[in-house]
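Report on the structure
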Amino acid sequence: MKTALIILSLFSFFSNPEKPTVKILSSGFIYEKLPTPECHASTLVETDNGILAAWFGGTYERHPDVNIFTARLINGKWSTPEVVADGIENKDFRNPTWNPVLYRNSDDLLTLYYKEGPNPKEWWGLYKTSTDEGKTWSKAIQIPPGMLGPVKNKPVQLADGTLLHPSSFETNGIWSMHVETTTADNQNWRKIEIDNGDFHAIQPTVLFYPNGKLQMLARTQEDVIGTTWSLDNGKSWSTVESTGLVHNNSGIDGVTLKSGIQLLLCNPIKDGRNKLSLMMSMDGVNWDEIHVLEDHPKGEFSYPAIIQAKDGTVHLTYTYNREKIKYVSLALE
């Protein structure tokens, strides 16, 4: 039934290929003044008790005082940000934390994946779980060595229930993306290698197509967004190649809507992070800019996250000048 709906959506789009209108439902900041001088790398998830967002914040990125914060949107108002994870090892030593990723594994399990370590070359993956919609969290659990979990963007659940975690490494000057898989309860970690070809690619995001076809898009050092495809529901992947989309080597995120429309948030410029756009595609090859969220002479608007809620609305967050996290909800009409 789901495949039939996607095919119908594809037919409807190509028979009437006008771009949809983006209707902004709400737009604002998660607190005008956050509890830290800087913040970055937000993530969000829908819960039964509102939209939950997370990000890392501290004196500056890499400073040992960087913690993971969360806040919840209920009835149009964000709760006071609170620390839910840190890198404290003992009374004398602590590490910075990085790149939180929120994901609802099941109706009764929510996971916060994140990194700890002095820098992306030496960090390791951890996660905490919650059974009360993110009000309280378990102790940190370390992801097995040789794997990191979802490195920036959300996992996705495959048809057989497997979780696919888009991941990557930054080691010895080499960037390379791969995927990791687990059961829905974060057990049985396995790694699937990907041939990165001529690209230095990291921080992939996953998109769905009919008949078990998947696509990952990723930031690269080569001034374009990279892509890899799977025709067997994530078991194997093509060599990374260019999408042709000019990009600035910053974080991206995407989501497959229930209609089959693919959405991508990215900085479609070669240099700087001062423009952030929402792109749309039906086939993952041809992309159109359908809305510009930010476009300024200078500034940083980066590291977006995007999800679709059960009611069909789209929710996104992104870094706003490293000082705030901006939240936007929208609908396509």
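You'll find the structure just up there.
A brief report on the enclosed structure follows. (Residues numbered from 1 in each chain as written. Predicted model: local features only at pLDDT ≥ 70, side-chain atom pairs only at ≥ 80, totals over all residues. Heavy atoms only, no water.)

With that out of the way, let us pick up the sheet that holds strand β14 (residues 163-171). Read from one edge to the other, the open sheet built from four strands follows the order β13-β14-β15-β16, with strand pairing classed as antiparallel. Of all the strands in the sheet, just β13 (156-157) and β16 (190-192) have a single pairing partner and so form its edges. Judged from the nine bridges that link them, β14 and strand β15 (residues 174-182) form a sheet pairing that is antiparallel. Directly across from L163, in β15, lies its bridge partner T182. (Pairing = 2+ DSSP bridges. Helix = DSSP H or I, 4+ residues; strand = E, 2+ residues; numbered from the N terminus.)

All chains considered together, the criterion is met by 12 salt bridges. For E32, the salt bridge is made with K324, and the minimal N-O distance between the two is 3.0 Å. Of this pair, E32 sits in the loop between β1 (22-29) and β2 (38-47) while K324 is found in strand β27 (residues 324-332), placing the two residues 292 residues apart along the sequence. A relative accessible area of 56% means that E32 is categorised as exposed. Exposure remark for K324: the relative accessible area of 18% places this residue in the buried category. Residues R273 and E300 are paired through a salt bridge, measuring 3.1 Å at the closest nitrogen-oxygen approach. Separated by 27 residues along the polypeptide, R273 in the loop between β22 (262-266) and β23 (275-281) and E300 in the loop between β24 (288-295) and β25 (301-308) bring together distant segments of the chain. We classify R273 as partly exposed; its relative accessible area is 21%. (Salt bridge = Lys/Arg side-chain N within 4 Å of Asp/Glu carboxyl O. Buried < 20%, exposed > 50% of the residue type's maximum accessible area, 1.4 Å probe, protein only.)

Within β15, seven of the nine residues are buried, leaving the element largely enclosed by the surrounding structure. Two successive antiparallel strands, β14 and β15, enclose a turn made up of two residues, where N172 displays a positive phi of approximately 50°. In terms of strand pairing, β15 meets β16 through three bridges, oriented antiparallel. Each bridged residue has a counterpart across the sheet, and for E180 the counterpart in β16 is K191.

Another point: unusual backbone geometry. Of note, Y31 is a non-glycine position whose phi angle comes to about 70°, a positive value. Following the sequence through the fold, Y31 ends up in the loop between β1 and β2. Residue classification places Y31 among the partly exposed residues on the basis of a relative accessible area of 28%. Positive phi, normally seen in glycine, also occurs at N172, with a value near 50°. Position of N172 relative to the elements: it lies in the loop between β14 and β15. For N172, a relative accessible area of 75% translates into the label exposed.

Looking at the element boundaries, L293 is found in strand β24. Counting along the chain gives 200 residues from L293 to F93, while the straight-line C-alpha distance between them is 40 Å. The contacts of L293, once residues within four sequence positions are left out, are L265, L276, S277, L316, Y318 and V328. (Contact = heavy atoms within 4.5 Å.)

Let us look at the side chain of T205. Looking at the element boundaries, T205 is found in strand β17 (residues 201-208). Overall, T205 belongs to the buried group, its relative accessible area being 1%. A polar side-chain atom of T205 sits 3.1 Å from the main-chain amide nitrogen of G254. Each residue touching T205, except ones within four places of it in the same chain, is listed here: N153, K154, Q215, M216, L217, I252, D253 and G254. (Polar contact = N/O pair within 3.5 Å; in protein donor to acceptor, adjacent residues only side chain to side chain.)

On to the side chain of T70. Looking at where T70 falls in the secondary structure, it is placed in strand β4 (residues 67-74). Among the residues examined, T70 registers a relative accessible area of 3% and is labelled buried.

This paragraph deals with the environment of I174. The topology assignment puts I174 in strand β15. By relative accessible area, I174 is classed as partly exposed at 48%. I174 sits 53 residues away from K121 along the chain, and the two C-alpha atoms are 9.8 Å apart. Once residues lying within four places of it in the same chain are set aside, the contact partners of I174 are F169 and H200.

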